[in-house]
Amino acid sequence: MLAIKSTAIAPTGSALRYLLGYPSGTLAQVEKLLAEDRVADWLLKKYPQGHAVRTDRALFDYVQALKSEHLRGAETLNKVAFDAKLQVMQHALGTHTTIARVQGNKLKAKREIRVASLFKQVPEDFLKMICVHELAHLKERQHDKAFYQLCNYMEPRYHQLEFEVRLYLTHLEVSGTRLWGTTGADAA
């Protein structure tokens, strides 16, 4: 599960809670962008448009393509879906779950990935970062060195993208304004 660390308030203010753990110089730059109301401009310049993956079926196909490219031997995914119940405020952007059921005398496991519906309206790079994170849990359960090496294998810019997602979450908390896919058709 990609979780948001927010157990403590950043020394510079709670607006930076998604960026805890980053160097003070980075936090100072983010604070300056926030103070000058330039975070949205910076993100939109770097990522002018959102992705086109809008349905659960399209998301399943997108994740399956990533899985076949990077994790051919990993266990089968039974379901991939956007989940409106996953909220950033609950500290989760995506989840990977295994559901075990008894069928006759056999134990069957089904693997599911759920992505917060917030990610229906972001750049493809942000969606890919979340999907890569959840796919990595097929092989590595813990957020350890091997896990992040696998994330970097699937997406070499993983850490930069994670930072930018966290910056976008900070922008959302401060301004409340979504940057991509704000038309009525996309909001559904």
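Residues numbered from 1 in each chain as written. Predicted model: local features only at pLDDT ≥ 70, side-chain atom pairs only at ≥ 80, totals over all residues. Heavy atoms only, no water.

**Brief notes about the packing of aromatic side chains**
Turning to step 1, where the next piece is worked out: Here the structure, examined in full by the defined rule, presents 7 aromatic pairs.
Turning to step 2, where the next piece is worked out: Their ring planes at 50° and their centres at 6.1 Å tell us that Y148 and Y158 sit as a pair that is tilted. Within this pair, whereas Y148 is found in helix 5 (residues 145-154), its partner Y158 is found in helix 6 (residues 158-175), the two being separated by 10 residues in sequence.
Turning to step 3, where the next piece is worked out: For Y148, a relative accessible area of 24% gives the class partly exposed.
Turning to step 4, where the next piece is worked out: Three or more aromatic residues joined by ring pairs make a cluster, and in this case those are Y47, F126, Y168 and W180. (Phe/Tyr/Trp six-rings, centres within 6.5 Å; stacked < 30°, edge-to-face > 60°. Helix = DSSP H or I, 4+ residues; strand = E, 2+ residues; numbered from the N terminus. Buried < 20%, exposed > 50% of the residue type's maximum accessible area, 1.4 Å probe, protein only.)

**What about helix 4 (residues 124-136)?**
Turning to step 1, where the next piece is worked out: In a regular helix each residue adds 1.5 Å, so 13 residues correspond to 18 Å; helix 4 covers 18 Å between its end C-alpha atoms and thus fits that length.
Turning to step 2, where the next piece is worked out: When you tally the buried positions in helix 4, you get 11 out of 13 residues, the bulk of the element.
Turning to step 3, where the next piece is worked out: All of the buried residues in helix 4 are F126, L127, K128, M129, I130, C131, V132, H133, E134, L135 and A136. (Expected span 1.5 Å × (residues − 1).)

**Re the confidence of the model for the chain**
Turning to step 1, where the next piece is worked out: Summarising the model, the chain shows a mean pLDDT of 85, and 84% of its residues fall at 70 or more.
Turning to step 2, where the next piece is worked out: Across residues 3-12 the pLDDT falls below 50, and counting only partners more than four positions away or on other chains, this stretch makes 19 contacts in the model.
Turning to step 3, where the next piece is worked out: In this model residues 183-188 is a low-confidence stretch, pLDDT under 50, and it forms 6 contacts with partners more than four residues away in sequence or in other chains. (pLDDT = per-residue confidence, 0-100. Contact = heavy atoms within 4.5 Å.)

**Some remarks on the packing of helix 3 (residues 56-70) against helix 4**
Turning to step 1, where the next piece is worked out: Between helix 3 and helix 4, whose axes approach to 10 Å, the crossing angle comes to 65°. Relative to helix 4, the crossing made by helix 3 is right-handed. Here L59, Y62, V63, L66 and K67 of helix 3 lie close against helix 4, whose contacting residues are E124, L127, K128, C131 and L135.
Turning to step 2, where the next piece is worked out: Per-class residue counts for the contact of helix 3 with helix 4 are 7 nonpolar, no polar and 3 charged. (Axes fitted to C-alpha atoms, helices over the stretch in contact; angles between N-to-C directions. Left-handed = near helix turned anticlockwise from the far one by under 90°. Nonpolar A, V, L, I, M, F, W, Y, C, P; charged D, E, K, R; others polar.)

**Observations concerning helix 2 (residues 39-46)**
Turning to step 1, where the next piece is worked out: Burial in helix 2 covers these residues: V39, A40 and L43. The buried residues of helix 2 all sit within an arc of 95° when viewed along its axis, so they share a single face. Relative to its buried face, helix 2 has exposed residues pointing more than 90 degrees away, namely D41 and K45. (Arc of directions from axis to C-beta.)

**Looking at the side chain of H133**
Turning to step 1, where the next piece is worked out: With respect to the secondary-structure elements, H133 resides in helix 4.
Turning to step 2, where the next piece is worked out: For H133, a relative accessible area of 0% translates into the label buried.
Turning to step 3, where the next piece is worked out: Among the polar contacts made by the side chain of H133, one reaches the side chain of H137 at a distance of 3.4 Å.
Turning to step 4, where the next piece is worked out: Polar contacts involving the side chain of H133 include one to the side chain of Y158, which spans 2.7 Å. (Polar contact = N/O pair within 3.5 Å; in protein donor to acceptor, adjacent residues only side chain to side chain.)

**Some details on the pairing of strand 2 (residues 79-83)**
Turning to step 1, where the next piece is worked out: Counting buried residues along strand 2, 4 of its 5 residues qualify, which places the element largely inside the surrounding structure.
Turning to step 2, where the next piece is worked out: Pairing analysis gives 5 bridges linking strand 2 to strand 4 (residues 106-116), with the strands arranged parallel. Looking at the pairing, K79 lines up with E112 of strand 4. (Pairing = 2+ DSSP bridges.)

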